[in-house]
Each structure stands twice: as C-alpha cells, then as structure tokens.
Amino acid sequence: MSLRIAVIGCGAVVADLHVPVLEKLERAGVAMVAAVADPAQARAAAIGRFFKAPKLHTRMEDLWRETPCDLAFIASPPGLHFEQALAAIRAGAHVLVEKPMVTRAADAAALAKASADSGRIVAVGQTRRFYPNLRAVRRRLDAGDFGGPVRFAFYEGGVFDWPVASGAVFDRAKAGGGVLFDKGVHVLDVLNGLFGGAKVLRAWDDSLAGGVEANAVVELEYEGASGTVQISWDQPLCNGLQITGPKAEARIDLDAIGRYQFRGSDGNWRWEPADERWPRSLGAPAAEFTPTDYYECVEAQWWTMLRAIQGDGAPAVDAAGAANVIEAIEEAYRVAQPLNLSFLSAAERGEAVRRHWRVGS
Ligand SMILES: NC(=O)c1ccc[n+]([C@@H]2O[C@H](COP(=O)([O-])OP(=O)(O)OC[C@H]3O[C@@H](n4cnc5c(N)ncnc54)[C@H](O)[C@@H]3O)[C@@H](O)[C@H]2O)c1
C-alpha cells in the first residue's frame, strides 16, 4: 500500500510548490493524498481536485478520527503548527511541517521531545537545504578551504508578493512575528546548515506596537563564523550571501542554485559549478538528481522524507535541528532595538522609535 498523506492547510504554498510533486508521487504509486484539510471548504476542495481520492475535511478534529494517514504535511499558519504536529504524532503519523516549524522556542523543544519519544519523524520544510551551491560551499567550509574563522553578510529583501490565501503572515499571534518568521527562517536555517547553531548578539527591527516587522537586522555568532543578516519585506537589497575567510571568499546567489563564485589564494573570482545530488526514488540504490530550481528542491525534500520514513537516511532538518532557528528569532525579538531606516524623515524616525513594539512608550 502506498504511503497515505494528509495535507493540512491548503493555501498558497500547497497550491504553488507542493501540488506538482504530490501529483507526481501519486502517479509513481509511492504515496497518495488520502486527506486534505482546511477550515475553508473551498480551499480544501480546490486542492483536493488534483488528487485521486482524497477525503476533504474542514474540522481538524475529524481528520485523524476518520482518515488514517501515515504522514501529515502541515502547511497551515505557523501558530497552528505545534498543536497540529502533536495531534499527528498522537495519531501515529510522521510529520513534514512547513517552515517555521513552530513559533515559540518552548514548543520547538517539546516537539523535538515528542518526536524522539514516539519514534515519529518530524521534518521541517527548509527547502534551501537542497540547494546544490549551499551544500558545495558547506563542503569547502568542512575542508578548511576558507582558512579559519569567517565573516559573512547575508542580505535578502524584496517587496512582499507571495499570493497568500490568508492574512496570517501579517499577524504576530498567527505567524509568530513578521519578516523574521518568514524570510528570516530560511536565512537563519541556511546559516545553521553552513555553520551550526546561532547565538544572537544584537538585533534591530521596525515593528511598531501591535504590528509585525517588515525589516530586520541581526548580528549573529557561530562557532568559526560571525556576521550580519538583513532582511526586508518592503525593499530590494543587494541579495545574496558573502563569506570571507583568511584564505578564500565565496559569493552565493540564492536565485542561481547551480553555481557560486569563489576566490582562493590567487585572488581571482571564478564561477564554480555545484552538482550535488539527492535521491529521486525509493529504490536501492536510489535514482539521484541535481535540483536546478526551487520546485526541484521541493521534490528532493519529499523524496528524502519518504526515504527517511522507510528507514533510509534522515530528513535534512528535523525538529531538534530546527529548534535553534526558533530560539534565535525569539532572542532577536527579546533584544530588538528600533531599526534606523534611512528613507524616513527625521520626524518619522522619531515617531518610529516612540511607537516601537519593544522600546517605545
Ligand atoms: N517553504 C517555502 O518556501 C514556503 C513558502 C511560502 C509559505 N511557506 C509556509 O507555508 C505555510 C503556509 O503558508 P501559505 O503561504 O500557504 O499561507 P496561506 O495564508 O496562503 O494559507 C494558509 C492556509 O491555511 C488554512 N488554515 C487556516 N486555519 C487552519 C487550520 N486550523 N487548519 C488547517 N488549515 C488552516 C487557511 O484557510 C489557508 O488556506 C506557512 O508556515 C508559511 O511560512 C513556506
């Protein structure tokens, strides 16, 4: 029998990124979407029509009672992930949860424990772990090619244009925060994949009381690395990750995942191809491929998850691995200072400080 998947939350990310892969897995006979669940009946129906025989649910409490599944794919608003992941584990299912795994550090630790205690896998949708260029640079770091502690600068900004089905992403109670809990989760996970666990040194954001931040800057320290992250929902930045060590430098364009720029002791920048491979079948040995775009990274993530469930390998990011990112964001919020946005007038800047959610009056 093929593995039964419950899709929980049927918004933009499912429609855009996951439906094509899930259809492919159904066609290959390795998995079937047995249930789609969303309180908005129309959204559940819109996603359900892509699959052979899914049961539609609008009440989450009915889902696990009526439709047994082996794997819960959770793509609801982030504030719901923790309870829905626990419910899936209690029903005996493995979990693939979209980023951010949860919105509170205490919940991250509790979910990691629930996963360990139950033997159910909790994997997190950190799709960038499947970028060939990031894995290639990680290999260089491991090989000592940079020659010692490195500095990094990571910029990621653009005007928000994701076609969300709900407004949850702009609501701190539902999403945990703003751009840090959205783009920031990807950025911090990339850095964790390269350098290990983060320590937050300082942080600035532009959230006013009652709102969420659209811009944030965080200074971070890792073992053997330190640097700055700047992210934005409302302005383009000089996007990319630059890593500088005593012996070498690399520039990584997150939109061109098959290559990166590198310069070693000769001082000349050159493009390096990245042809890292991931599984694309359940067989042994696995068929493998090099993802060329984000959609193919989503596919690599699904095959890796299904293989982990059958006992071959582990997910790229599990609950314990994702916990540090949530802890770092919580700490960044705890120490947040008002961000000085140069495009504001002096009067607007004064007002932004006065109304800042952390230090404002
Ligand atoms: N990996 C990525 O690149 C990526 C990209 C976009 C979004 N995401 C993540 O995916 C998740 C969903 O984001 P989105 O953009 O699809 O949001 P969205 O607002 O488009 O969709 C959310 C959906 O969840 C539904 N929902 C609300 N309450 C629910 C409940 N109790 N149970 C089940 N479903 C419920 C809503 O009706 C809506 O259909 C978020 O965690 C987001 O961060 C990941």
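Residues numbered from 1 in each chain as written. Predicted model: local features only at pLDDT ≥ 70, side-chain atom pairs only at ≥ 80, totals over all residues. Heavy atoms only, no water.

Caption draft 1: Region of the structure containing unusual backbone geometry. In this model, Lys99 is joined to Pro100 through a cis peptide bond whose omega is -10 degrees. Residue position: Pro100 is located in the loop between strand 5 (94-98) and helix 5 (105-118). With an omega of -5 degrees, the peptide bond running from Ala284 to Pro285 counts as cis. (Helix = DSSP H or I, 4+ residues; strand = E, 2+ residues; numbered from the N terminus.)

Caption draft 2: A look at a nonpolar patch on the surface. Nonpolar side chains collect at one region of the surface, where Trp162, Val164 and Phe170 lie side by side and expose about 250 Å² of accessible area between them. Position of Trp162 relative to the elements: it lies in the loop between strand 7 (150-157) and helix 7 (172-175). (Patch = residues over 30% accessible without salt bridge, like charges linked within 9 Å, V, L, I, M, F, W, Y side chains within 5 Å. Areas by Shrake-Rupley, 256 points an atom, 1.4 Å probe, with all protein chains shown as cover. Salt bridge = Lys/Arg side-chain N within 4 Å of Asp/Glu carboxyl O.)

Caption draft 3: Examining the site of the ligand more closely. Looking at the ligand, there are 29 residues lining it, with Asp38, Trp162, Ala165, Ser166 and Tyr294 nearest. Residue Lys99 places a main-chain N or O atom 2.8 Å away from an oxygen atom belonging to the ligand. Between the ligand and the protein, one listed contact pairs an oxygen atom with a side-chain N or O atom of Ser166 at 2.6 Å. For the ligand, the accessible surface in isolation is 840 Å², of which the surrounding protein chains cover 87%. Tallied by class, residues from the shell around the ligand come to 16 nonpolar, nine polar and four charged. (Near = heavy atom within 4 Å. Polar contact = N/O pair within 3.5 Å; in protein donor to acceptor, adjacent residues only side chain to side chain. Nonpolar A, V, L, I, M, F, W, Y, C, P; charged D, E, K, R; others polar.)

Caption draft 4: Examining the nonpolar core more closely. Met101, Phe152, Leu191, Phe195, Leu220, Leu241 and Ile243 are the most contacted members of the largest nonpolar core, which totals 86 residues. For this core, the element with the highest residue contribution is helix 10 (residues 319-334), accounting for nine residues. Leu17, Val36, Trp302 and Leu306 belong to the second-largest nonpolar core, a separate cluster that totals 30 residues. (Core = buried A, V, L, I, M, F, W, Y, C linked by side-chain atoms within 4.5 Å. Buried < 20%, exposed > 50% of the residue type's maximum accessible area, 1.4 Å probe, protein only.)

Everything listed is a geometric property; what it means functionally is a separate question.
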